[in-house]
Amino acid sequence: MDSKPPPAVLTIAGSDSGGGAGIQADLKAFTAFGCYGTSVITALTAQNTQGVQGVHPTPPEFLEQQLTSVLDDIEIRGMKTGMLYDAEHTRRIARTLRAHYGDVSKVPPLVVDPVAVSTSGHVLLHEDAVSVMIEELFPLATLITPNKPEAELLLSRKGASVKIETLEDMIAASEKLLAFGSKAVLVKGGHVSLTMADVHRISAAHPEVTIVPESFLDENMEILQVNQEDLASRQLVVDVLREGEKVTLFVSPRIESSSTHGTGCTLSAVIASALAKGESVVEATRQATIYTHVGIETAFPVGRGHGPLNHMHNLLPRLVPPPTASNPHPLTRILIQSSRETWKAYVEHDFVKQLARGTLPRECFLHFVKQDYLYLKYYARAYGLLVAKSSTYSSIQTATQTIVNVINEVATHKTFCAQWGISEEELTATPESPSTTAYGAYLLDIGLQGDSAKLIMALAACLLGYGEVGLWLKKEASKPDSWVKLDGNVYLRWIEDYSGEHYQSAVKLGIETIETLAAADPPNALRFQEWCAIWEKCTRLEKGFWDMALNLL
């Protein structure tokens, strides 16, 4: 257990009797992120998922007393403000903070969420408070987090009539808002309808802008994009973070949901928590957008109106998150990302590229085919070990079917080799390459260690790897003026086999197998580390197989 105590984080906001927003949402988020939550209540609200029925402000003197009481006793490592109610409340908060900390540089990270209107449309901030917030509170802030209406309201106080309709408008607004004195600005994009075309337009015009597509698939993940919605037409939420001249876009799929009550409160609370733990503004924002997104996506019904998001989705420490609609294959994605460089070097290996161009020397390909024939014997034997480790008829059937598939693939190898003048006798008499022996021995060693999950991970790396190579070449071949040459390519059948429906069906089954395993029996830290290490090792061995073939080792 970590010996360091959880950092104390303070929320200065209103109370939501329905529990979805305000200090209730903040305290849940603080806890979910391992922080100790403290609170100063600016107002009581009679509120539920259908709206705000009444507001009872805290007397200004008592508001100041609450804040002083907390600050005098507890070392606050991060703060956030939400509903401030009116000018007097806002002024008291700013001046109490200045009086307590003296130097502005000593104020802990402060996130100001300029809450003006509730999700249901109720006004939560008096008009006279806006100028006070800009002039007295923003200069103390590490970050302010306005949404579109709030950003427009704030900018109107400086005589600017601004309408935020596009991603360019959001970026321009962030620059104007930064002039109000905070160290950084996050313009939230929930009210702006955008697509990937908008993101690509900004990326092309402003290559210096950093794009964080946290909820989308990365490169060399073609096997996960099959049957997913076309990203080009998907509606997005893009949050724009500005720190000085640095702009970062956080891109995530838009979720059609009525469970959005308290999302702004939650986002700012998580950012404050992460800042209290020493994270940068960019990393804190990244963590907050992920947490909030999954919170909306996994929300459960509460009330008859705009329900809250699910603040509890990460309370159980899961190294592999549960599958969701926007991320149905979390384990496969994590495994690929954990070995990103090795996986890329394997998928985009020179052997693969030369094969796709049709320029791979014949002797290299034949050496590969012969060694692959010998390797498949190890692969089938490893699945035999998996049959022995299986405890249900369905898992026995699945592993046995894979052995049958391997036997069929061997028959295909023989036919293919015969076309190249290689007899079965020559195949069988071929000496094993050290790369073949090393890979095969590793599979059998993992299979003998007792843990069926580790063996499944080792076998999946090979299955999914060839599937990724096949789909990558298929995608590259479809591009205009592609470097992949299919017409007249003597290796076309190989490309078609691994990008074809039959093999990709096996890949789909392999992905479902490891995802089901992780969901049914979530790994602890040690087990998860073992899975990642096995995946990395098998990917390196696969790359070594290409090296062996290309260099005739």
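Residues numbered from 1 in each chain as written. Predicted model: local features only at pLDDT ≥ 70, side-chain atom pairs only at ≥ 80, totals over all residues. Heavy atoms only, no water.

Student: Sorry, what's going on with the packing of aromatic side chains here?
Tutor: Each aromatic ring pair is described using two quantities: the centre-to-centre distance and the angle formed by the ring planes. Scanning all chains against the criterion turns up 25 aromatic pairs. Each ring, one from Phe365 and one from Tyr491, has its centre 4.6 Å from the other, and the planes form 45 degrees; the classification is tilted. Taken together, the residues Phe365 in helix H14 (residues 362-389) and Tyr491 in the loop between helix H18 (452-477) and helix H19 (492-499) connect sequence positions 126 residues apart. Residue classification places Tyr491 among the buried residues on the basis of a relative accessible area of 1%. (Phe/Tyr/Trp six-rings, centres within 6.5 Å; stacked < 30°, edge-to-face > 60°. Helix = DSSP H or I, 4+ residues; strand = E, 2+ residues; numbered from the N terminus. Buried < 20%, exposed > 50% of the residue type's maximum accessible area, 1.4 Å probe, protein only.)

Student: Whenever I open this one, the pairing of strand S7 (residues 184-187) confuses me. Can you help?
Tutor: The two faces of a sheet get side chains in turn, since along a regular strand they alternate between them. Along S7, one buried face is formed by Ala184 and Leu186 and the opposite face, lined by Val185 and Val187, is buried too. By the bridge criterion, two bridges tie strand S6 (residues 143-144) to S7 in an arrangement that is parallel. The residue bridging Ile144 from the neighbouring strand is Val185, located in S7. Pairing between S7 and strand S9 (residues 236-243): three bridges, direction antiparallel. Of the residues in S9, the one forming a bridge with Val187 is Val240. (Pairing = 2+ DSSP bridges.)

Student: Help me understand unusual backbone geometry in this model?
Tutor: A negative phi angle characterises most non-glycine residues, just as the trans form characterises most peptide bonds. Even without a glycine there, the phi angle at Tyr85 is positive, about 80 degrees. Tracing the chain through its elements places Tyr85 in the loop between strand S4 (76-81) and helix H3 (87-101). For Tyr85, a relative accessible area of 16% corresponds to the buried category. Even without glycine at this site, Asp481 takes up a positive phi of about 55 degrees. Owing to a relative accessible area of 80%, Asp481 belongs among the exposed residues under this scheme.

Student: Would you explain a nonpolar patch on the surface in this entry?
Tutor: On the surface, Phe300, Val302, Met312 and Leu315 cluster together to form a nonpolar patch covering roughly 340 Å² of accessible area. Within the fold, Val302 resides in the loop between helix H10 (281-297) and helix H11 (330-338). Residue classification places Val302 among the partly exposed residues on the basis of a relative accessible area of 30%. (Patch = residues over 30% accessible without salt bridge, like charges linked within 9 Å, V, L, I, M, F, W, Y side chains within 5 Å. Areas by Shrake-Rupley, 256 points an atom, 1.4 Å probe, with all protein chains shown as cover. Salt bridge = Lys/Arg side-chain N within 4 Å of Asp/Glu carboxyl O.)

Student: Just to check I follow, could you spell out the UniProt feature "domain: Thiaminase-2/PQQC" (unreviewed entry) in the protein for this structure?
Tutor: UniProt records the feature "domain: Thiaminase-2/PQQC" (unreviewed entry) for residues 338-551 in the present numbering. Span residues 338-551 is 81% helix and 0% strand, its end C-alpha atoms 28 Å apart. (UniProt positions renumbered as here; feature names shortened; annotations may be inferred.)

Student: Could you clarify how one ought to interpret the pattern of salt bridges in this entry?
Tutor: A side chain of one charge can pair with a side chain of the opposite charge if their charged atoms are brought near each other. What the rule picks out here adds up to 24 salt bridges. For Arg527, the salt bridge goes to Asp451, with nearest N and O atoms at 3.9 Å. Within this pair, whereas Arg527 is found in helix H21 (residues 525-551), its partner Asp451 is found in the loop between helix H17 (434-447) and H18, the two being separated by 76 residues in sequence. By relative accessible area, which is 17% here, Arg527 ends up buried. In this structure Asp451 comes out as partly exposed when scored by relative accessible area, which is 22%.

Student: How should the environment of Glu150 be read in this particular structure?
Tutor: Tracing the backbone shows Glu150 in helix H5 (residues 148-156). Between the C-alpha atom of Glu150 and that of Glu476, which follows or precedes it by 326 residues, the distance is 44 Å. Setting aside chain neighbours within four positions, we find Glu150 in contact with Asp113, Pro114, Val115, Ala116 and Thr145. (Contact = heavy atoms within 4.5 Å.)

Student: How should the nonpolar core be read in this particular structure?
Tutor: When a protein is soluble and globular, its nonpolar side chains tend to lie buried together. Within the largest apolar cluster, 82 residues are counted, with the highest numbers of intra-cluster contacts made by Phe365, Phe368 and Trp494. Considering every element that reaches this core, the biggest residue donor is H18, with 16 residues. Beyond its immediate sequence surroundings of up to four residues, Phe368 is in contact with Phe351, Tyr466, Trp494, Phe545, Trp546 and Ala549. (Core = buried A, V, L, I, M, F, W, Y, C linked by side-chain atoms within 4.5 Å.)

Student: Looking at this structure, I do not really get the domain arrangement of the protein. What am I missing?
Tutor: How big an interface is tends to be reported as the loss of accessible area on association of its parts. Assigned domains of the protein: these are domain 1 (8-188 + 257-298) and domain 2 (330-551). Measuring from the centre of the C-alpha atoms in domain 1 to the corresponding centre in domain 2 gives 51 Å. (Domains from an automatic or database assignment.)

Student: What should I look at first to understand the packing of helix H12 (residues 340-347) against H18 in this one?
Tutor: Packed helices, taken two at a time, are described by the angle their axes make and the gap between the axes. Two numbers describe how H12 lies on H18: the axes approach to 10 Å, and their chain directions differ by 60 degrees. As summarised for this structure, H12 and H18 are arranged oblique, according to the angle between their axes. In the crossing of H12 with H18, the sense of the turn from one axis to the other is right-handed. Residue-level inspection shows Trp343, Tyr346 and Val347 of H12 in contact with H18, the latter providing Ala461, Leu464, Gly465, Tyr466, Glu468, Val469 and Trp472. (Axes fitted to C-alpha atoms, helices over the stretch in contact; angles between N-to-C directions. Parallel < 35°, antiparallel > 145°, perpendicular 65-115°, else oblique. Left-handed = near helix turned anticlockwise from the far one by under 90°.)

Student: Explain the sheet that holds strand S8 (residues 210-212) here, please?
Tutor: In sheet architecture, strand pairing relies on hydrogen bonds along the backbone and comes in two forms, parallel and antiparallel. In space, the 10 strands of this open sheet follow the order S3-S2-S1-S4-S5-S6-S7-S9-S10-S8, with mixed pairing throughout. Since the sheet does not close on itself, it has two edges, and those belong to strand S3 (51-57) and S8, each with one partner. The pairing of strand S1 (residues 8-16) with S4 spans five bridges and is parallel. Bridging from a neighbouring strand, Thr11 pairs with Lys80 of S4. Each of S1, strand S2 (36-48) and S4 is contacted by helix H1 (residues 22-32), which is oriented at about 150 degrees to S1, the strand it contacts most. Sheet contacts for H3: S1, S2, S3, S4 and strand S5 (110-112); angle to S4, the most-contacted strand, approximately 165 degrees.

Student: Explain the environment of Ala533 to me, please; I cannot follow it from the model alone.
Tutor: Along the chain, the position of Ala533 falls in helix H21. With 374 residues separating them along the chain, Ala533 and Gly159 place their C-alpha atoms 58 Å apart.

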